[in-house]
Amino acid sequence: MPGMTLADRITRTPIPIDRTRAEDAAALFPDLPGGLRDLIAGTAGSSPYLAGLIRAEADWLREQPDPDGIVGRETEGFATLDTDALGPALRQAKRRVALLVALADLGGVWPLEKVTGALSDLADRAVDLALRAHVATEIRRGKLPATDADAGGIFALAMGKGGAGELNYSSDIDLIVLFDETAYAEGDQMEARAALIRATRRMAATLSDVTQHGYVFRTDLRLRPDASVTPVCISTAAALAYYEAEGRTWERAAFIKARACAGDVAAGERFLRELRPFVWRKHLDFAAIQDAHDMRLRIRDHKGLGGKLEVAGHNLKLGRGGIREIEFFTQTRQLIAGGRDRELRQRDTVGGLRALAAKGWVPTDVAEELIDHYCQHRDIEHRIQMVNDAQTHSLPRDEDGLRVIAALSGRTDPDGFCKDLRARLARVHELTEEFFAPAEPATPAPDLSDEARAIIDRWHGYAALRSDRAQQIFRRIEAQLLDRMAQSGHPTEALARFDSFLSVLPAGVQLFSLFEANPQLIDLIVDICGTAPGLAAYLAQHPAVLDAVLGGSFFAAWPGEAALQGELTRALQNALNAPGGGYERALDAARRWAHEWEFRIGVHHLRGLIDADEAAVQYADLAGACVSALFPVTVQDFSRRHGPPPGRGAVVVGMGSLGARVLNAGSDLDLIVIYDADGVEASDGPRPLSARPYYARLTQAMITALTAPTAEGRLYEVDMRLRPSGRQGPVATSVQSFESYQLSEAWTWEHLALTRARVVARSGTDSALADRVEELRMQVLRERGDAPNVMADLSEMRDRLFAAKQPTGPLDAKRGAGRLQDIDLFAQSCALRAGDPARGTLAQLRAGKRAGLIDAQTAEELSSAWRRLWRLHAAGRLLTDAPLNAEAIGKGGQGFLLRETGAADMDALQSDMTDRSAHAATLIGARLP
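Keep in mind that what you see is a predicted model, and the values were worked out from it rather than measured.

1. Focus: the overall build of the protein
Working step 1: Secondary structure assignment for the protein yields 39 helices and 10 strands.
Working step 2: Based on the C-alpha atoms only, the size of the protein along its principal axes is roughly 115 × 75 × 55 Å.
Working step 3: Evaluated residue by residue, the protein yields a buried proportion of 57% over its 929 residues.
Working step 4: Sequence separation of 24 or more characterises 75% of the internal contacts of the protein that already satisfy a separation of 6 or more.
Working step 5: Per element, the accessible surface of the protein, about 37900 Å² overall, is 48% carbon and sulfur.

Next up, the structure:
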């Protein structure tokens, strides 16, 4: 607090164990305020180490130094010291900082985070000073080649507690020291490497050698890549290559806390950005749980920390219920979800737990309880180390030693102190062990038929179960999986489809770990396999979409197209700007993002959370968001080579179902591209193009962005045949040509298609061209809709359509007289003749009624038929991309169709569809010439 001294802020005092030391210490400070003198006496009477510091720094301590800002004050001017003077100066600074931090801690002046923060700040400052001093020596000796890089391009990464700003009172410091090899000419890199290795060794010696002045920090450089065979300082290129090829889960966890702390910090931060894909996986990584659990067991076995929980001699860091258990619990959950959510990437344990609670990964009460235990554990750990400045985390084994720790904690009852601590340790173990320790299967395997057993027997030959680890995890979930299938309505179908799903999975560890950690997903996969083979096949192609189910928004309200576009735009920018990012990474990101949302729509539809009408709009919102967010990114990438779009740019127009906002699970996208060069003849860029080929090639690039299969699959199939002149016309049309063609050359079917046209994307932010296209659309409808040949052309078109595309079976709701396609065309004729802007079929039928083209009863009966047919069609497309066949979709699929259409059974469904289609065909035919 400003204006308050250390003495003013004391809230507690340690209980002296050694009265003689306490009295001797107090006698050194007769003029200090009583509260501060009592704090010093109690500290000296409980800790021999601190008593020695108090005697050594008595003159300095009489000045009542303020603990706030202590590191900066005590190291001021050190940057000018040579290496010989720097070591003693740092050791004196360490003594003073250690003493004042201890008093601020024991006196209740500082909370835990300020104590650990000050110790971490001192470590950062000491490493930076020592590293720079020894690099400067190499430069003076002429051993380091010339470079403009800060500190010769060398930097230190603070790892572990140092990286998180959580250093213990007597911590060593874990560092990884690297150098940016690009800071040197290629021919100088080996010489620079040798000089920087020497500087690193000498830096470590400056900090950790024990001299007559003591030491600064014990320094550990063994966290670097392959420490047994690599030098103490390696290049960033070598480090990245190691982590990409050989990095392990424990190294990923270590880098959660990593922070560039010394030397060329900017180069260190660049390295950490480049390493993000290694640390933070793009999919939920539940396999990290098993890795962390195995690591915990190895530590316990190596340190001999198993057995009965006793406070005396207990290792508060590594033992049962200790600090490491809370850290592993936090870091493992961060590794699971931090790749998808940047807000979870907190370095410190408390911040990590609070972020996980805020995002629903840990219950808030559990997070807060663990935070309380963690802070209490850390406080006691500091007191253990304050006694003799020993790097130990184990409580004393003898009663006198435990009495000292209790006294430093302000407790007069050692037995009560031990009882409370034991309860805390047991509670931490209880909270964390369930998360880590894989439980043995509690569900017995159900009785299986010979056919089912034959299916299961071949699973171990699949790629997903090739590894021992995959088999181990799968064994733990297999009984539960089979039991859920046995309880499903159609177990034989569910098993057969799960077999098909499993057979095409390239790997299984991640997915099986996901199921094990989230049993509710087993219910979902059984539901999908038992009901929707098409959705099961989609899931097999994109298993990572299951990550989305665990996100907090999977069952939230639908966000709408604008919000989706904004979310995807941010994801694309992140992919473009990430280390190693670029256009191809952006295309992958778009596919991952879209697949998750498409899966969500399918699951919601399958489970009855939305109906077919809502699914239609959501699929259309998703497609519109993809096109509108991707098109500007494609334009940006294209512009780097050929310059910005000449003139007023281009718009993408959604036709057909996209324009009408009635897509289904298997829809492709009907698109056209219209541009306005506005008199500009060519682009202005490294490789300029004339306007027409510019927009034609830009359109091809846009099509590729949507359709090209990447490592993450494809987005959509695209159909450009509705453009002027169809396949014979250019893929991009100027607005002037579009106007001329539509008003003077287009066929009636093209005017019908125009009733559904909707601008879905722009190359830039200017809406003028989009507005002009909409004006032209309405002009065409008004001027061409009253042509006398519209209905005659429609009649002829129906005849050709029915002859060319026969229904694929009795459940084909789309093709044939009186079915969806037929009603859609008739509704389009209503909008065309009425000159109405309506795009959707039901809205166009209402427009026909308003214009007097059809009576109210006809509009209602056609609308009713369309709704029933659409529900059947949308449900069928979710079930399978093949022609809908009752036998092929099985009982589960049939049940879904019946639920969606309200029919009593499949015979009733087919009969109802036949009757409605026939009646709709009669209504339409009666209004044609």
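2. Re the packing of aromatic side chains
Working step 1: Considering all chains together, one arrives at 14 aromatic pairs under this definition.
Working step 2: Ring geometry for Phe498 versus Phe501: centroids 5.7 Å apart, planes at 40°, classification tilted. Of the two residues, Phe498 and Phe501 are both situated in helix 21 (residues 491-503); the distance of three residues between them amounts to about one turn of the helix. Residues Phe498 and Phe501 agree in their burial class; the two are buried.
Working step 3: Every member of this aromatic cluster is reached through a ring pair, and the members are Trp459, Phe474, Phe498, Phe501 and Phe512.
Working step 4: In this structure, Lys94 is placed above the aromatic ring of Phe217, and the distance from its NZ or CZ to the ring centre is 4.5 Å.

3. Notes on helix 16 (residues 364-388)
Working step 1: In a regular helix each residue adds 1.5 Å, so 25 residues correspond to 36 Å; helix 16 covers 38 Å between its end C-alpha atoms and thus fits that length.
Working step 2: Asp389 sits one or two residues past helix 16 and shows a positive phi near 55°.

4. Quick look at the packing of helix 27 (residues 583-606) against helix 37 (residues 856-879)
Working step 1: Where helix 27 meets helix 37, the closest approach of the two axes is 11 Å, and the angle between their N-to-C directions is 120°. Relative to helix 37, the element helix 27 lies oblique. Here helix 27 runs over helix 37; the crossing is left-handed. Note on element contacts: helix 37 touches helix 27 through Ala874, Ala875 and Leu878, opposite Gly602, His605 and Leu606.

5. So, the nonpolar core
Inside soluble globular proteins, nonpolar side chains tend to come together where they are buried.
Working step 1: Counting 150 residues, the largest nonpolar core has Trp459, Phe498, Leu546 and Phe599 as the members making the most contacts within it.
Working step 2: Ranked by the residues each element gives to this core, the list is headed by helix 28 (residues 612-642), at 16 residues.
Working step 3: Apart from residues no more than four positions distant in its own chain, Phe599 is found in contact with Leu524, Ile528, Leu535, Tyr538, Leu539, Val545, Leu546, Val549 and Phe554.
Working step 4: Membership of the second largest hydrophobic core comes to 92 residues, among which are Phe78, Leu86, Val177 and Cys418.

6. Considerations on the side chain of Glu74
Working step 1: By secondary structure assignment, the location of Glu74 is in helix 5 (residues 70-74).
Working step 2: Ignoring anything within four residues of it in the chain, the contact list for Glu74 reads Trp60, Ala93 and Arg96.

7. Digging into the packing of helix 14 (residues 323-337) against helix 16
Relative placement of two packed helices is described by the angle separating their axes and the distance separating the axes.
Working step 1: Their axes nearest at 9 Å, the elements helix 14 and helix 16 cross at an angle of 140°. Looking at the two axes, helix 14 sits oblique to helix 16. Viewed along their axes, helix 14 and helix 16 form a crossing whose handedness is left-handed. Contacts between helix 14 and helix 16 involve Ile323, Ile326, Glu327 and Phe329 on the former and, on the latter, Leu370, His373, Tyr374, His377, Arg378 and Glu381.
Working step 2: For the contact of helix 14 with helix 16, a count of residues per class yields five nonpolar, two polar and three charged.

8. Quick look at unusual backbone geometry
Note: most residues except glycine have negative phi, and most peptide bonds are trans.
Working step 1: Backbone geometry at Ala151 places phi at a positive 55°, although glycine is not the residue there.
Working step 2: We classify Ala151 as buried; its relative accessible area is 12%.
Working step 3: Here the phi dihedral of Arg661 falls at roughly 60°; this positive angle occurs in a residue that is not glycine.

9. With respect to the pairing of strand 1 (residues 154-158)
Regular strands place side chains that alternate from one sheet face to the opposite one.
Working step 1: Extensive coverage of strand 1 is indicated by the burial of five of its five residues.
Working step 2: Neither face of strand 1 is left uncovered, since the one carrying Ile154, Ala156 and Ala158 and the one carrying Phe155 and Leu157 both have all their residues buried.
Working step 3: Pairing analysis gives five bridges linking strand 1 to strand 2 (residues 173-179), with the strands arranged antiparallel. By the bridge assignment, Phe155 is partnered in strand 2 with Leu178.
Working step 4: Alignment of strand 1 against strand 5 (residues 259-263), held across four bridges, turns out to be antiparallel. Its bridge partner being in strand 5, Phe155 is matched across the sheet by Gly263.

10. Brief notes about the environment of Gly34
Working step 1: Tracing the sequence through the fold places Gly34 in helix 2 (residues 34-46).
Working step 2: Residues Gly34 and Ser917 lie 883 residues apart in sequence; the distance between their C-alpha atoms is 97 Å.

11. Focus on the side chain of His134
Working step 1: For His134, the location among the structural elements is in helix 7 (residues 112-140).
Working step 2: Among the polar contacts made by the side chain of His134, one reaches the side chain of Thr206 at a distance of 2.7 Å.
Working step 3: In this structure His134 touches Thr83, Ala199, Arg202, Met203 and Thr206, once residues within four positions along its chain are discounted.

12. Some points on helix 37
Working step 1: With 24 residues, helix 37 extends 35 Å from end C-alpha to end C-alpha; this agrees with the ideal 34 Å at 1.5 Å per step.
Working step 2: Capping the start of helix 37 is the job of one residue whose side-chain oxygen sits 3.0 Å from the backbone nitrogen of Gln857: Asp855.

13. A short note on the environment of Pro414
Working step 1: Assignment of secondary structure puts Pro414 in helix 18 (residues 414-436).
Working step 2: Judged by its relative accessible area of 22%, Pro414 falls in the partly exposed class.
Working step 3: Note: C-alpha distance between Pro414 and Thr349 (65 residues apart in sequence) is 29 Å.
Working step 4: Residues in contact with Pro414, not counting those within four places in the same chain, are Arg403 and Ala406.

14. Remarks on the environment of Ser667
Working step 1: Secondary-structure assignment places Ser667 in the loop between helix 29 (656-660) and strand 7 (669-676).
Working step 2: Sequence separation of Ser667 and Tyr538 is 129 residues, and the distance between their C-alpha atoms is 14 Å.
Working step 3: A distance of 2.9 Å separates a polar side-chain atom of Ser667 from the backbone nitrogen of Asn664.

Cut-offs used in this document
- Residues numbered from 1 in each chain as written.
- Predicted model: local features only at pLDDT ≥ 70, side-chain atom pairs only at ≥ 80, totals over all residues.
- Heavy atoms only, no water.
- Helix = DSSP H or I, 4+ residues; strand = E, 2+ residues; numbered from the N terminus.
- Buried < 20%, exposed > 50% of the residue type's maximum accessible area, 1.4 Å probe, protein only.
- Contact = heavy atoms within 4.5 Å.
- Areas by Shrake-Rupley, 256 points an atom, 1.4 Å probe, with all protein chains shown as cover.
- Phe/Tyr/Trp six-rings, centres within 6.5 Å; stacked < 30°, edge-to-face > 60°.
- Lys NZ or Arg CZ within 6 Å of the ring centre and 35° of its normal.
- Expected span 1.5 Å × (residues − 1).
- Axes fitted to C-alpha atoms, helices over the stretch in contact; angles between N-to-C directions.
- Parallel < 35°, antiparallel > 145°, perpendicular 65-115°, else oblique.
- Left-handed = near helix turned anticlockwise from the far one by under 90°.
- Core = buried A, V, L, I, M, F, W, Y, C linked by side-chain atoms within 4.5 Å.
- Nonpolar A, V, L, I, M, F, W, Y, C, P; charged D, E, K, R; others polar.
- Pairing = 2+ DSSP bridges.
- Polar contact = N/O pair within 3.5 Å; in protein donor to acceptor, adjacent residues only side chain to side chain.

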